[in-house]
Amino acid sequence: MAPPRTYRCEAIILGYTPLGEADLLVTMFTRDQGKVRAVGKGARRSTSRLVGHLEPLTAVKMSMAHGRSMDIITQAEVIEGFSKLKENLTAIAKGQYLAEIVDGFGAEASPNPSLYQLMIDTLQAVEADPASDMPLRFFEFHLLQVSGLMPELYHCVECRVELEPNAHRFSPNVGGTLCLDCHPDDAHLRPLSLRALKVLRLLERSEIAESCKLSLDDSLAAELKSLLSTTVSYWLGKEIRSNSFLERLNSETLPEVYI
Amino acid sequence: MTQENISGAAPSLARLVQELNRLPGIGPKSAQRLAYYIIRLPDDEAYALADAVTSVKQNIVFCEECQNLTDASPCQVCSDPRRDQTIICVVEEPLDVLAMERTRSFRGLYHVLHGVISPINGIGPDQLKLKELFSRLARPDLVEMVVATNPTLEGEATAMYIRRHQGRDDLKITHLARGLPVGGSLEYSDETTLSRAFLGRQEI
């Protein structure tokens, strides 16, 4: 029997680009199929039934049809629009940061329901508290976990000795924490304070709500941010472009605006 | 496409195909079809096309005021004394100016950003005509700024960025109404559009 021509899925819209006269080429991360790129026919027309349902950072229930080269979106209905998130510039910038990372980590025809749920949970946490950076740190750490790149936090990755409660070193490319005696040749080593190691261990065993209650001082927050975003960027194999806009907004002292 | 890909074609024809192939939405086959169409055109039509391309590249400049594309700076709109100088409408692209002018309901000035903030695509505030906008906003006779970016995520983010950085307390800042398009239907509207349409309901 021939496979069905149409299918349904749940997806988070990551972005889109204009295609032809009035179409959109939509990139989405689905719960059951991984990353999918599909065409929204006529979706740029103001009277299209798809308009408003394909905006980035929106969770959508989709009906799709298999096309010759690309799938076609036949119906879309918003499940969660994250409308409060979209009223705040910093929250939008954080959402775009998440979308860029998921776009880079998500592979086509490679389902990862845990990553889908992680993105939904993180968007909800950003929406609830746009000023906090903890949802992003939780996301970066658990992204590595659900992608099979979980860093080692309890033993030296080189000599396997159990780590003492001291400052250590961290290397994204050899897989986590190193004791002070080990110096692998090609490791990108960076210092790791004991406080940062403890926060990483806490992130590992906590739910997102619990992690977001953490309040870190500026130096610890900066250390974790640098460590985790560098690690994600290393595995992504490229710079995370939306990070520079996010950092620019964070460095400004102007009052937040809402629309 | 390289010239080697279309071996057998005259070098000048291969070059035309190659150049047409660079245009957005034009694949190799379309480029070949267009090239052969141009060859079959009467001489005057083909030269007019070539002249139009040359002329647009030689004459089009950014208007020093609104940053729209124009033959002479300042552009027709900015140099028209009948336009309302107290209101400025900020749009993403030059085509948006044409769309607004078609409505005949706006008689103020424009400012064209030439894009929207799109961090994922590496487009930040410095790549847009925002510095020029903020210096225009310093004019004391300006009373209102209509931020008419598209109601998309990036359009809204750009609007918020403008509002956050415009630097005047006495300027009225508005954006276009959000709601249902003419010819649309409630059934297929998304929740954000419908709730904003409801908030903006009007007495009839």
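Everything below is about the structure shown above.
Worth saying up front: this structure is predicted, and the values here are computed from it rather than measured.

A. Structural detail: the overall build of chain A. In terms of helices and strands, chain A carries seven helices and eight strands. Relative to a compact globule of 259 residues, whose C-alpha radius of gyration would be 18 Å, chain A shows 20 Å and is just as compact. In chain A, buried positions account for 52% of the 259 residues. Of the contacts formed within chain A by residues at least 6 apart in sequence, a portion of 58% connects residues at least 24 apart. With an accessible surface of roughly 12300 Å², chain A has 49% of that area assigned to carbon and sulfur atoms. Separation between the mean location of the 27 positive side-chain charges and that of the 34 negative ones in chain A comes to 7 Å.

B. Structural view of the pattern of salt bridges. Residue and element names in this part refer to chain B. Enumeration over the complete set of coordinates arrives at 19 salt bridges over all chains. Notably, a salt bridge pairs Asp141 with Arg139, separated by 3.1 Å at the nearest N-O pair. Classification of Asp141 by relative accessible area gives partly exposed; the value is 37%. One salt bridge in this structure joins Glu144 and Lys172, with 3.9 Å as the shortest N-O distance. On the criterion of sequence distance, the pair formed by Glu144 in strand 5 (residues 144-147) and Lys172 in strand 6 (residues 172-175) is long-range, its members being 28 residues apart. For Glu144, a relative accessible area of 17% gives the class buried. Judged by its relative accessible area of 48%, Lys172 is partly exposed. Where salt bridges share partners, they join Glu156, Arg178 and Arg196 into one cluster.

C. Region of the structure containing the interface of chain B and chain A. Counting from both sides, the interface comprises 29 residues of chain B and, opposite them, 36 residues of chain A. Contact with chain A buries area across many residues of chain B, yet B:Leu153, B:Met160 and B:Arg164 alone supply 31% of it, more than any other trio. Listing elements by their share of the side of chain B that touches chain A, those giving two or more residues are helix 6 (153-165) and helix 7 (191-199) of chain B. By residue number, the principal contributor to the side of chain B that touches chain A is helix 6 of chain B, which donates 10 residues. Counted by class, the side of chain B that touches chain A contains 12 nonpolar, nine polar and eight charged residues.

D. A look at the nonpolar core. Ranked by size, the top nonpolar core spans 69 residues in total, and within it A:Met119, A:Leu200, B:Leu133 and B:Met145 carry the most contacts. Beyond its immediate stretch of four places on either side in the chain, B:Met145 contacts B:Ile88, B:Val90, B:Leu133, B:Leu137, B:Ile162, B:Gln166, B:Leu171, B:Lys172, B:Ile173 and B:Thr174.

E. Examining a nonpolar patch on the surface more closely. On the surface, a cluster of nonpolar side chains totalling about 320 Å² of accessible area is made up of B:Val56, B:Ile60, B:Phe62 and B:Leu69. On the basis of relative accessible area, B:Leu69 is assigned to the partly exposed category, the value being 43%.

F. Seen up close, the environment of A:Gly67. Among the secondary structure elements, A:Gly67 is positioned in the loop between strand 4 (59-65) and strand 5 (71-80). Between the C-alpha atoms of A:Gly67 and A:Ser219, which are 152 residues apart in sequence, the distance is 51 Å.

G. Expanded view of the environment of B:Leu13. Residues and elements named next belong to chain B. For Leu13, the position within the fold is in helix 1 (residues 11-21). Residue class for Leu13 comes out buried when judged on its relative accessible area of 12%. As for Leu13 and Tyr36, which are separated by 23 residues in sequence, their C-alpha atoms are 8.4 Å apart. Leu13 has contacts with Ala35, Tyr36 and Ile39, leaving out every residue within four places of it along the chain.

H. A look at the state of the cysteines. One pass over the full model with this rule turns up zero disulfides over all chains. The cysteine A:Cys159 is free of any disulfide, with A:Cys156 supplying the nearest cysteine sulfur at 3.6 Å. Here B:Cys89 is not cross-linked by a disulfide; its sulfur's nearest cysteine counterpart is in B:Cys66, at 11 Å.

I. Region of interest: the packing of helix 1 (residues 89-105) of chain A against helix 6 (residues 218-236) of chain A. Residues and elements named next belong to chain A. The contact between helix 1 and helix 6 brings their axes to 10 Å, and the two run at 35°. Classified by chirality, the crossing of helix 6 by helix 1 is left-handed. Together, Tyr97, Ile101, Gly104 and Phe105 of helix 1 and Ser229, Val232, Trp235 and Leu236 of helix 6 make up the contact between the two elements. For the contact of helix 1 with helix 6, the per-class residue count stands at six nonpolar, two polar and no charged.

J. Up close: the pairing of strand 6 (residues 168-171) of chain A. Residue and element names in this part refer to chain A. Neither face of strand 6 is open: one carries His168 and Phe170, the other Arg169 and Ser171, and all of them are buried. Of the pairings in the sheet, the one linking strand 6 to strand 8 (residues 190-192) comprises three bridges and is antiparallel in character. Bridge pairing in strand 8 links Arg169 to Pro191. Hairpin connection of strand 6 to strand 7 (residues 176-178): four residues between the antiparallel strands, including Gly175 at a positive phi of 100°.

Basis of the calculations
Residues numbered from 1 in each chain as written. Chains lettered and ligands numbered in written order. Predicted model: local features only at pLDDT ≥ 70, side-chain atom pairs only at ≥ 80, totals over all residues. Heavy atoms only, no water. Helix = DSSP H or I, 4+ residues; strand = E, 2+ residues; numbered from the N terminus. Rg over C-alpha atoms; globule rule 2.2 N^0.38 Å. Buried < 20%, exposed > 50% of the residue type's maximum accessible area, 1.4 Å probe, protein only. Contact = heavy atoms within 4.5 Å. Areas by Shrake-Rupley, 256 points an atom, 1.4 Å probe, with all protein chains shown as cover. Lys, Arg positive; Asp, Glu negative; His and termini not counted. Charge placed at Lys NZ, Arg CZ, Asp CG, Glu CD. Salt bridge = Lys/Arg side-chain N within 4 Å of Asp/Glu carboxyl O. Buried area = accessible area lost by both parts, 1.4 Å probe. Nonpolar A, V, L, I, M, F, W, Y, C, P; charged D, E, K, R; others polar. Core = buried A, V, L, I, M, F, W, Y, C linked by side-chain atoms within 4.5 Å. Patch = residues over 30% accessible without salt bridge, like charges linked within 9 Å, V, L, I, M, F, W, Y side chains within 5 Å. Disulfide = S-S within 2.5 Å. Axes fitted to C-alpha atoms, helices over the stretch in contact; angles between N-to-C directions. Left-handed = near helix turned anticlockwise from the far one by under 90°. Pairing = 2+ DSSP bridges.

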